[in-house]
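Summary of the model geometry
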Amino acid sequence: TLMELDYFDRARAEVLKATDLPTRSKVEELLVKGTRGLVLRDFPAACEAFDSRMFWTKIAGAEDRSSAALDLARCQDKAYMTDKAKASFEAVLAADPTNPAALTSLAAIVDRQGRTEEALRLLERARTSNERTGLQEGVAEVDLRRAVILEQISKLQESKDAATRALETAGKFNNRQL
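A brief look at the structure comes next. All values derive from a computational prediction rather than experimental measurement.

**Some words on the nonpolar core**
Counting 23 residues, the largest nonpolar core has F89, A102, L106 and L122 as the members making the most contacts within it. Contributions of two or more residues to this core are made by α5 (62-78), α6 (82-95), α7 (100-112), α8 (116-133) and α9 (136-152). Here this core gets six residues from one element, more than from any other, and that element is α7. The residues touching L122, leaving out its near neighbours within four places in the chain, are L103, L106, A107 and V110. Counting seven residues, the second largest nonpolar core, distinct from the first, contains A46, C47, F50 and C75.

This is how it looks when you write it as structure tokens:
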């Protein structure tokens, strides 16, 4: 809708304003460059920033590293660096085997590679992780992705059931983005 587009444009403008602020360190500069690349959909620039050796050597804490690795993997996927993205998502999962975003994104990659059963297993793990942490939007997203894959392999009733669950879950939270 126009209202959603207006909100998106304002949010994008605010993020871009923030990326114009002075940075205090080289790592912060790289983080800003990566974030700016994501917002502007300049994924190669974002990948370059997030993949910098300086960036990785200065990040403190496992949670920050996991978040940065996930950002890098997403950039690589969006920049069509499929092999690198797959390896990066797998690295995130090596550190946190229940990361629902990494599981869902890796499922999309392996599905594109024709490994449907593996994709469905990854999505089941993502669904379980989302349920365990109470991320209902994640549960709905996973069910919707499962529905699409199941339809592609002619498991129509299972696809319909997954789509119905996705809509029911989204409806509970009045989420119209699905």
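**Considerations on the pattern of salt bridges**
Taken as a whole and judged by the stated rule, the model has ten salt bridges. Salt-bridge contacts for E29 lead to K26; the nearest nitrogen and oxygen are separated by 3.7 Å. Separated by three residues within a single helix, E29 and K26 lie in helix α2 (residues 26-39), roughly one turn from each other. The network of salt bridges with shared partners includes R127, E131, D143 and R165.

What counts and what doesn't
Residues numbered from 1 in each chain as written. Predicted model: local features only at pLDDT ≥ 70, side-chain atom pairs only at ≥ 80, totals over all residues. Heavy atoms only, no water. Core = buried A, V, L, I, M, F, W, Y, C linked by side-chain atoms within 4.5 Å. Buried < 20%, exposed > 50% of the residue type's maximum accessible area, 1.4 Å probe, protein only. Helix = DSSP H or I, 4+ residues; strand = E, 2+ residues; numbered from the N terminus. Contact = heavy atoms within 4.5 Å. Salt bridge = Lys/Arg side-chain N within 4 Å of Asp/Glu carboxyl O.

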